[in-house]
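# Survey of secondary and tertiary structure
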Number of protein chains: 2
Amino acid sequence: MNVLWIFAHPDARSLNGSLYREGIDAVTGAGHQVEVSDLYAMKWNPVVDAGDYGRDDGERLLVAPASKKALEEGTLSPDIQAEHEKLARADLVVMQFPLWWFGPPAILKGWIDRVFVRGYAYGLPDPDRPGRALRYGDGGLAGKRALAVVTIGGTAESYGPRGLAGSLEELLFPLLHGTFFYTGMAPLPPVAVHGTNHMSGEDYQAASAELRRRLAEAETAEPIPYRTQNGGDYDDDVLRPGAAPGREGLGAHRARRT
Amino acid sequence: MNVLWIFAHPDARSLNGSLYREGIDAVTGAGHQVEVSDLYAMKWNPVVDAGDYGRDDGERLLVAPASKKALEEGTLSPDIQAEHEKLARADLVVMQFPLWWFGPPAILKGWIDRVFVRGYAYGLPDPDRPGRALRYGDGGLAGKRALAVVTIGGTAESYGPRGLAGSLEELLFPLLHGTFFYTGMAPLPPVAVHGTNHMSGEDYQAASAELRRRLAEAETAEPIPYRTQNGGDYDDDVLRPGAAPGREGLGAHRARRT
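Conventions adopted
- Residues numbered from 1 in each chain as written.
- Chains lettered and ligands numbered in written order.
- Predicted model: local features only at pLDDT ≥ 70, side-chain atom pairs only at ≥ 80, totals over all residues.
- Heavy atoms only, no water.
- Least-squares fit on C-alpha atoms with pLDDT ≥ 70 in both.
- Contact = heavy atoms within 4.5 Å.
- 1 Å grid on protein atoms, 1.4 Å probe; cavity = no way out; pocket = protein on both sides within 12 Å on 5 of 7 lines; lining within 4 Å.
- Points joined across faces, edges and corners; volume = space filled by probe spheres on them.
- Helix = DSSP H or I, 4+ residues; strand = E, 2+ residues; numbered from the N terminus.
- Nonpolar A, V, L, I, M, F, W, Y, C, P; charged D, E, K, R; others polar.
- Buried < 20%, exposed > 50% of the residue type's maximum accessible area, 1.4 Å probe, protein only.
- Pairing = 2+ DSSP bridges.
- Salt bridge = Lys/Arg side-chain N within 4 Å of Asp/Glu carboxyl O.
- Buried area = accessible area lost by both parts, 1.4 Å probe.
- Right-handed = clockwise from strand over helix to strand, strands pointing away.
- Axes fitted to C-alpha atoms, helices over the stretch in contact; angles between N-to-C directions.
- Left-handed = near helix turned anticlockwise from the far one by under 90°.

### What to know about the relation of the copies chain B and chain A
- Once chain B has been moved 0.0 Å along the axis and rotated by 180 degrees, it coincides with chain A to within an RMSD of 0.0 Å. Both copies of the chain, as the preceding transformation shows, are related through a two-fold rotation axis. Looking at the rotation axis and the C-alpha trace of chain B, the residue lying nearest is Ala106 of chain B, at 2.4 Å.
- Looking at the interface residues of chain B, 100% of them are also at the interface in chain A, so both copies use one shared face.

### Some thoughts on empty space enclosed by the protein
- This model, assessed by the stated rule, comprises one cavity of 30 Å³ or more.
- Quantified by volume, the largest cavity comes out at close to 290 Å³.
- Along the wall of the largest cavity there are 22 residues; nearest its centre are Gly103, Pro104 and Pro174 of chain A together with Gly103 and Pro104 of chain B.
- Every element with two or more residues in the lining of the largest cavity is listed here: α5 (106-115) and α7 (173-181) of chain A together with α4 (106-115) and α6 (173-181) of chain B.
- For the lining of the largest cavity, a count of residues per class yields 16 nonpolar, four polar and two charged.

### What to know about the pairing of strand β1 (residues 2-7) of chain A
Residue and element names in this part refer to chain A.
- Most of β1 is tucked away, with five of its six residues classed as buried.
- In this structure, β1 lies alongside strand β3 (residues 92-98), joined through five bridges in parallel fashion. Across the sheet, Val3 pairs through a bridge with Leu92, a residue of β3.

### Notes on the pattern of salt bridges
- Counted according to the given criterion, the structure contains 38 salt bridges over all chains.
- Salt bridges here are not isolated pairs; linked through shared partners, they connect Glu210, Arg213, Arg214 and Glu217 of chain A.

### Concerning the interface of chain B and chain A
- In this assembly, 69 residues from chain B lie in contact with 69 residues from chain A.
- For the pair chain B and chain A, the summed buried area comes to about 5100 Å², and 61% of that belongs to carbon and sulfur atoms.
- When the area that chain B buries against chain A is broken down by residue, the three leading residues are Trp101, Arg162 and Leu164 of chain B, summing to 21%.
- Scanning the region where chain B abuts chain A turns up zero salt bridges.

### Remarks on the pairing of strand β4 (residues 145-151) of chain B
Residues and elements named next belong to chain B.
- Among the seven residues in β4, seven count as buried, and that is most of the element.
- Burial along β4 is two-sided: the residues Arg145, Leu147, Val149 and Thr151 and Ala146, Ala148 and Val150 are all buried.
- When strand β3 (residues 92-98) meets β4, the two strands line up parallel, connected through seven bridges. Following the sheet pairing, Val94 is matched in β4 by Leu147.
- The parallel pair β3 and β4, bridged by α4, forms a crossover whose chirality is right-handed.
- Direction of pairing for β4 relative to strand β5 (residues 186-187): parallel, over a ladder of two bridges.

### So, the packing of helix α1 (residues 15-29) of chain A against helix α8 (residues 201-216) of chain A
Residues and elements named next belong to chain A.
- As a packed pair, α1 and α8 sit with axes 10 Å apart at the nearest point and diverge in direction by 40 degrees. Considering how the two elements wind past one another, α1 and α8 form a crossing that is right-handed. Side by side, α1 and α8 meet where Leu15, Ser18, Leu19, Glu22, Gly23, Asp25, Ala26 and Val27 of the first sit next to Tyr204, Ala207, Ser208, Leu211, Arg212 and Leu215 of the second.
- When the residues that make up the contact of α1 with α8 are grouped by side-chain class, the tally is eight nonpolar, three polar and three charged.

Right, dumping it as structure tokens:
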């Protein structure tokens, strides 16, 4: 398979840098092709503005329609186009980052903000449902798998189902469900490396082995079983009474709990 | 009171720009003082790197300790120091943004990543609990209130408790709980303006009136009742069995449902 590995840490000498090299080594060693977007090394610009869409500031900027028009006219900023070309070749998209304020660093958030333009990643008409767009299980990136690899200072317990920080899968819902699944990608359960402020050599070996194990099974592992928009569980964009009866919260959007 | 209004939209002629001016007008009209951080107008740099901490690239960058050292030595980047000075004067912090990929635009995420350094917003020792830091209800920004003002393309129903997108309060948990509450601020329920792709003049009037109403009560309104770290509901960073018994998910970290 072809892997696109997006990496967002400011220092290659970090724990993240080591895991990044391990991951690339594991994937290439298994015979896969890898392309990378090392966002800090690329000095990636994370800020959406009119320049992304080949426009000047003289006209009012409506971001979503402007991005769609630029996509159709081939006037998207060349750095965005280059990422689209990498994505076109990818079967698996890996996003690796340290958890900062319970989400991706700004440089990675801005990779998503700028690259996932309307008409490309989302906003494609659903041929079976006039007036609706393909999303949540289908979309511009359908057919790809997506894996978040996340390093976290806190303990696994504090990010568990009743942990003080909130469960990691729900903290990452905007990425896993709102970005990966929304655009049609199959979101794999994230790889989480905890306790990164106090890692021993053994801890590192364990993290590295776990990353390699998860990468080895990434082609076949079961994605998070989110309910699809068109799978019959939603009516007017709300869960039908018979789907997850009586439940509220992000967990209700999973078709199964495990 | 003193208000710090942080604004993150690329175009002042947008819906967000109009609401921003309305909000400032409402707050000043009520006799409050307002300072602003208009992140696009300031060309805010959202990318954490070694330069933030007065360091060159010759040394390995451990972000959290490096940020704390620079804070203590007064070598934080001047743009970060300027935001600390604004925050020091603020009783209410407003963050206004369009919801992009179910979270803040990168320029705002990077304001948080860069400004909320260790030893300032978090990582302050808890005098009552040796070895623990003040957080989740207490911290460097204790005593302030925080309000997110968010514009959203989708309908209110789709962001409701069983809505397809996930409930807005839970989608924003990394900001409301993981950032505002973590640093000691009292998080108010967000102001959400829905259906922004198709707003009539009447819709705009309704949104504007709601924003004014919420700002008028911001000094006294009940914050989201998240459980505090030290309030007795957590043991080893996990909810005790008697707190939200049998429940999982982000909603369990509220002491009450409404």
